[in-house]
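Descriptive structure summary
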Amino acid sequence: MTTAVPCQRCAGTGQTISLCAAERPCPTCHGTGEHRWVSVFIQARLASHRYPGKVLVPVGGVPMLQRVYDLARQLQRVDQVVGIAPWGDRFSGLPVWAWPDLAEDDVLGRYQRAAQQAHADVIVRLTGDCPVLDLTLCQAVLDRLLTEPDLDYVRTIDVPSGLDCESFTRDLLDRAAEHATAPADREHVTPWMQRQARIGTVCLASPWRGPNKVSIDTPEDWHNVTAWLTSPRRVAFETASVV
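Residues numbered from 1 in each chain as written. Predicted model: local features only at pLDDT ≥ 70, side-chain atom pairs only at ≥ 80, totals over all residues. Heavy atoms only, no water.

This brings us to the overall build of the chain. What the chain contains, in helices and strands, is seven helices and eleven strands. The buried share of the chain, reckoned over its 243 residues, is 51%. Partitioning the intrachain contacts of the chain with sequence separation of at least 6 by distance along the chain shows that 66% fall at a separation of at least 24. Looking at the chain as shown, the accessible area adds up to about 11,800 Å², and 51% of this sits on carbon and sulfur atoms. (Helix = DSSP H or I, 4+ residues; strand = E, 2+ residues; numbered from the N terminus. Buried < 20%, exposed > 50% of the residue type's maximum accessible area, 1.4 Å probe, protein only. Contact = heavy atoms within 4.5 Å. Areas by Shrake-Rupley, 256 points an atom, 1.4 Å probe, with all protein chains shown as cover.)

Right, dumping it as structure tokens:
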């Protein structure tokens, strides 16, 4: 009889504690009973100056934030997916965390609070206004950070706006939250990290054949991206390979 090992962090899904055994291992800890907790935090807000409420507009038949959330849950080796937002913003049907004492523009502070609340060891940063989330790219970013111990920050490079993905360690996030004081560093989360981190990069192995911009900042962006997503001539946006 095989002895079951309680996975100390999750069942590979991030939702429950379960048992894993040699013939039925947790897909994240692989039977060891422990692993680094990986949280995906999707930043979102309703008070966009150029396009208020944009994260709730429909993309592919669902609100844009819901679409990003559903795609993020398909990433492997991820334990938890949560939205983070300014205090007072409401998003029905999704797990969204907020803290009343943080300024709206202190997005870096929200990431640190979320990591503390989740007891996260590794963070994947996504934004709720980028509905064309490329799972191949994001998976490559996370996998590189998890498998290369000399790195504490991995990001995509040379990709269109809206295909960006970043992942970083909890230690780097805590250092950034402690030392980054410039308003731009607090609002944009990772500039301080990019100046201080041991960085790895991921890029496309072949030229991107979609639009030059797939993030949503204006109503015109939304029209362009949704028209492309529904076009019968659209080339599938899932990338075949990365380097």
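The next thing to look at is the environment of Val55. Examined against the element boundaries, Val55 turns out to sit in the loop between strand E3 (38-43) and strand E4 (58-59). Residue classification places Val55 among the buried positions, given a relative accessible area of 2%. Look past the residues within four positions of Val55 in its chain and what remains in contact with it is Ala44, Arg45, Leu46, Pro63, Met64, Leu65, Phe91, Gly128 and Asp129.

Looking now at the pairing of strand E11 (residues 199-202). A one-sided burial pattern is seen for E11, the buried positions being Gly200 and Val202 and the unburied ones Ile199 and Thr201. Pairing geometry for strand E9 (residues 153-156) and E11, over four bridges, is parallel. Bridging across to E11, Thr156 finds its partner in Val202. (Pairing = 2+ DSSP bridges.)

On to the pattern of salt bridges. Throughout the structure, instances matching the rule amount to 17 salt bridges. Taking the shortest distance from any N to any O, the salt bridge between Lys213 and Asp217 comes out at 2.9 Å. Judged by relative accessible area, which is 16%, Asp217 ranks as buried. Linked by salt bridges that have partners in common, Arg50, Lys54, Asp129, Lys213, Asp217 and Asp221 make up one network. (Salt bridge = Lys/Arg side-chain N within 4 Å of Asp/Glu carboxyl O.)

Our next topic: the sheet that holds E3. If you trace the seven strands from one edge of the open sheet to the other, you get E7-E6-E3-E8-E10-E9-E11, paired in mixed fashion. Each having just a single partner strand, strand E7 (96-97) and E11 make up the two edges of the open sheet. The pairing of strand E6 (residues 80-84) with E7 spans two bridges and is classified as parallel. Paired with Gly83 across the two strands is Val96, which belongs to E7. On the sheet, helix H2 (residues 107-118) packs against E3, E6, E7, strand E8 (122-127) and strand E10 (166-169) and is oriented at approximately 145 degrees with respect to E3. (Axes fitted to C-alpha atoms, helices over the stretch in contact; angles between N-to-C directions.)

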